[in-house]
Amino acid sequence: MSKSIFKSKTFWTAVVGAVLDYSGALVVVGVPPGAISYVSWGAMIALRFITNGAVHVIKDAATE
């Protein structure tokens, strides 16, 4: 059984990483541009190793 993508830690890690990277907000405190991408990629890979379920964007009524 799959869960909504909006309950996925991996999905939200990607969203937060993208927002931080593209906003440039962390450049002010000395984090170089693009560094957050590498951190979020590493976090997403780690999360995939500790999670084991599928996700869905649109729930398929046939599988309920």
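Each chain carries its own residue numbering, running from 1 in the direction its sequence is written. Totals for whole chains, interfaces and linings use all residues, but because this is a predicted model, local features are given only for residues with pLDDT of at least 70 and pairs of side-chain atoms are given and counted only at 80 or more. Hydrogens and water are ignored here; the side-chain numbers use all heavy atoms of the structure.

(A) Seen up close, the overall build of the protein. Helix and strand labels come from DSSP, where a helix needs a run of H or I of at least four residues and a strand needs a run of E of at least two; each type is numbered from the N terminus. Each helix and strand counted, the protein has 2 helices and 2 strands in total. Counting from the amino terminus, the protein carries its helices and strands in the arrangement β-α-α-β. For the C-alpha atoms alone, the extent of the protein along its principal axes is close to 50 × 20 × 10 Å. A burial count over the protein gives 17% of its 64 residues as buried. In this description, contact between two residues means that some pair of their heavy atoms is separated by no more than 4.5 Å. Look at the contacts in the protein between residues 6 or more apart in sequence, and 60% of them connect residues 24 or more apart. Every accessible area reported is derived by Shrake-Rupley at a probe size of 1.4 Å, with residue values counting cover from the shown protein chains alone. Here the protein has roughly 4,900 Å² of accessible surface; of this, 69% comes from carbon and sulfur atoms. Buried residues are those whose accessible area, probed at 1.4 Å on protein chains only, stays under 20% of the maximum for their type, while exposed residues exceed 50% and partly exposed ones sit between those limits.

(B) Representation of the confidence of the model for the protein. With 92% of its residues at a pLDDT of at least 70, the protein reaches an overall mean of 84. Within the protein, the element-level pLDDT minimum falls on strand 2 (residues 55-56), averaging 85, and the maximum on helix 2 (residues 35-50), averaging 90. By definition, pLDDT measures how confident the predictor is in each residue, and it falls between 0 and 100.

(C) Fine view of helix 2. Here helix 2 spans 23 Å end to end across 16 residues, near enough to the 22 Å set by a 1.5 Å rise per residue. Taken together, the buried residues of helix 2 touch helix 1 (9-23). Helix span, as expected, comes to 1.5 Å for every residue beyond the first.

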